Amino acid sequence: MTDKKKKKEKIPRQSMPEQDPKVRAKNFDEVPLGYTEEQAVLEAKRCIQCKKPTCIAGCPVDVDIPGFIKLIAEEDFIGAAYKLKETNALPAVCGRVCPQEDQCEKVCILGKKGDPVAIGRLERFAADYERESGNIVIPEVAPPTGKKVAMVGAGPAGLTIAGDLVKLGHDVTVFEALHKAGGVLIYGIPEFRLPKSIVDAEVDYLKKLGVKIVVNAAIGRVKTVDELFEEGFDAVFLGVGAGAPVFMNIPGENFSGVYSANEYLTRSNLMKAYRFPEYDTPIVRGKNVAVIGGGNVAMDSARTALRLGAENSYIIYRRTEVEMPARIEEVHHAQEEGVQFKLLTNPIEYMGDENDWVTEMKCLRMELGEPDESGRRRPVPIKDSEFVMDVDTVVVAIGAMANPLVASTTPGLEMNRWGYIVAKDETGETSRKGIYAGGDIVTGSATVILAMGAGRKAAWAIDEYLRFKEQGTR
């Protein structure tokens, strides 16, 4: 066979270096260590630069994926970061927590016969390179329009829309109820998966663009949405998330030691329990911790429990691993670190001691029946299969409900029967003129990138609204 006929040797997908599981299960340092420059360039060269790239269509914020990857392949790492930030204000975050395997990488052409390009890892690399180099590119913004926009909630949706609108020349202020901007990025996702310094850097970038951020400002309590309009804001975006806890309503849930995942993770993340004893945050450090649920939040909670000193950290899930909504990578990391999976298991009661502290959990074994409305096979109890587990901490991670504070203090704002704000998919428009909404407060608990996508759509709709308003046509 001649050299011309030899097939070009294929570059294998570059694996991400990680901390050793036995080491990382005892610390809160980030688990994946990131690509080296050499690995990033090799991975970028796997991209075949399709004429009709399907990966862009798979990205909720329309990142020019072939464009930034081509720049990495050419070793123009700063250029790649700049290309990312044309449409994504939080690339270092997205590179870490977005479910790329279900979005951009899922539709990568290379994935049809092999491994897709590691788009998320390359996104992380470019964003990290820019930040660590100190060569942060701050793009020019449009001339001031004289229009003021308020974002309620400094989570993924609010931060995204703030970045987009400030670049268009609008005066943007973000109001955050807690003492740190970032929303679920800062209080919900653990340090080992998304370091706080990364979120802080992304927020700092937005501030340098001109976004004003006001913390400790719970809109609906310190002031209402209508008062924001009275103060001169021309439009308001509601991105308050879905942070109200959900419990199973079974006996014993009021025992001490039974937490919602929201409280458990917030105490660890925002109150820095993970830095004990430097921060002596009041959080139980259980020895036998049961986490109820099978999503990313459940994995985060179970892995946090290990790092806080648990001897046994359990995932209690009523279906099998196949039906788990958590990312495959998160399940894999949890298993590597020693989290024990109790599948086809459902708690039915908690028992406690004379001090009203949870000590045991009664469970039922389950089997899978026909699919339900989610498309997953419905769990069915097995008769006479009860058993008891010793636990001293329970974390309920079965979802969250709508935050009711803003909606309940904004007359005329339409909500659905679950308490979520009704908003148009493509624009974020609500029933109130000038009020837009997006993210989990509209869809229910979803991913960071979908919330960001909602923010991007609303940004263009708000910009159009403000310009029509200027012309007196709305």
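Up top is the structure these notes are about.
Residues numbered from 1 in each chain as written. Predicted model: local features only at pLDDT ≥ 70, side-chain atom pairs only at ≥ 80, totals over all residues. Heavy atoms only, no water.

Chemist: Give a detailed account of the overall build of the chain, specifying residues and quantitative values.
Modeler: The number of helices and strands found in the chain is 17 helices and 16 strands. For the chain, whose C-alpha radius of gyration is 23 Å, the value lies close to the compact-globule estimate of 23 Å for 474 residues. Each of the three principal axes of the chain carries a C-alpha extent, and together these read 75 × 65 × 50 Å. Buried positions account for 53% of the 474 residues belonging to the chain. Look at the contacts in the chain between residues 6 or more apart in sequence, and 69% of them connect residues 24 or more apart. Carbon together with sulfur atoms contributes 51% to the accessible area of the chain, which is approximately 21800 Å² in total. A distance of 5 Å separates the average location of the 61 positive side-chain charges in the chain from that of its 69 negative side-chain charges. (Helix = DSSP H or I, 4+ residues; strand = E, 2+ residues; numbered from the N terminus. Rg over C-alpha atoms; globule rule 2.2 N^0.38 Å. Buried < 20%, exposed > 50% of the residue type's maximum accessible area, 1.4 Å probe, protein only. Contact = heavy atoms within 4.5 Å. Areas by Shrake-Rupley, 256 points an atom, 1.4 Å probe, with all protein chains shown as cover. Lys, Arg positive; Asp, Glu negative; His and termini not counted. Charge placed at Lys NZ, Arg CZ, Asp CG, Glu CD.)

Chemist: Explain the sheet that holds strand E7 (residues 288-292) to me, and be specific about the residues and the numbers.
Modeler: Reading across from one edge, E6-E14-E7-E8-E9 is the order of the five strands in this open sheet, with parallel pairing throughout. One side of each edge strand has no neighbouring strand; the edge strands of this open sheet are strand E6 (258-260) and strand E9 (340-343). Looking at each pair of strands side by side, their axes are set apart by 20 degrees on average, direction ignored. Here five bridges tie E7 to strand E8 (residues 312-317), and the two strands are oriented parallel to one another. Among the inter-strand pairings, Ala290 is bridged to a residue of E8, identified as Tyr314. Lying over the sheet, helix H12 (residues 261-269) contacts E6 and strand E14 (393-396), oriented at roughly 85 degrees with respect to E6. Where helix H13 (residues 296-307) meets the sheet, its contacts fall on E7, E8, E9 and E14, and the angle it forms with E8 comes to roughly 165 degrees. (Pairing = 2+ DSSP bridges. Axes fitted to C-alpha atoms, helices over the stretch in contact; angles between N-to-C directions.)

Chemist: An account of the environment of Val406 is requested, with residue identities and associated values reported.
Modeler: Tracing the backbone shows Val406 in helix H15 (residues 405-408). With relative accessibility at 4%, the residue Val406 sits in the buried group. Remark: the alpha-carbon pair of Val406 and Arg221, spanning 185 residues in sequence, is separated by 8.2 Å. Residue contacts for Val406: discarding those within four places in its chain leaves Val152, Ile219, Val225, Leu238 and Val240.

Chemist: An account of helix H4 (residues 65-73) is requested, with residue identities and associated values reported.
Modeler: In an α-helix there are 3.6 residues to a turn, and that puts residues three or four apart on one side. In terms of burial, H4 is a largely internal element, seven of the nine residues being buried. Taken residue by residue, H4 has Ile65, Pro66, Gly67, Phe68, Ile69, Leu71 and Ile72 as its buried positions. Backbone nitrogen of Gly67 and a side-chain oxygen of the N-cap are separated by 3.0 Å at the start of H4; the cap is Asp64. Note on H4: the residue one or two positions beyond its end, Glu75, has a positive phi of about 65 degrees. (Polar contact = N/O pair within 3.5 Å; in protein donor to acceptor, adjacent residues only side chain to side chain.)

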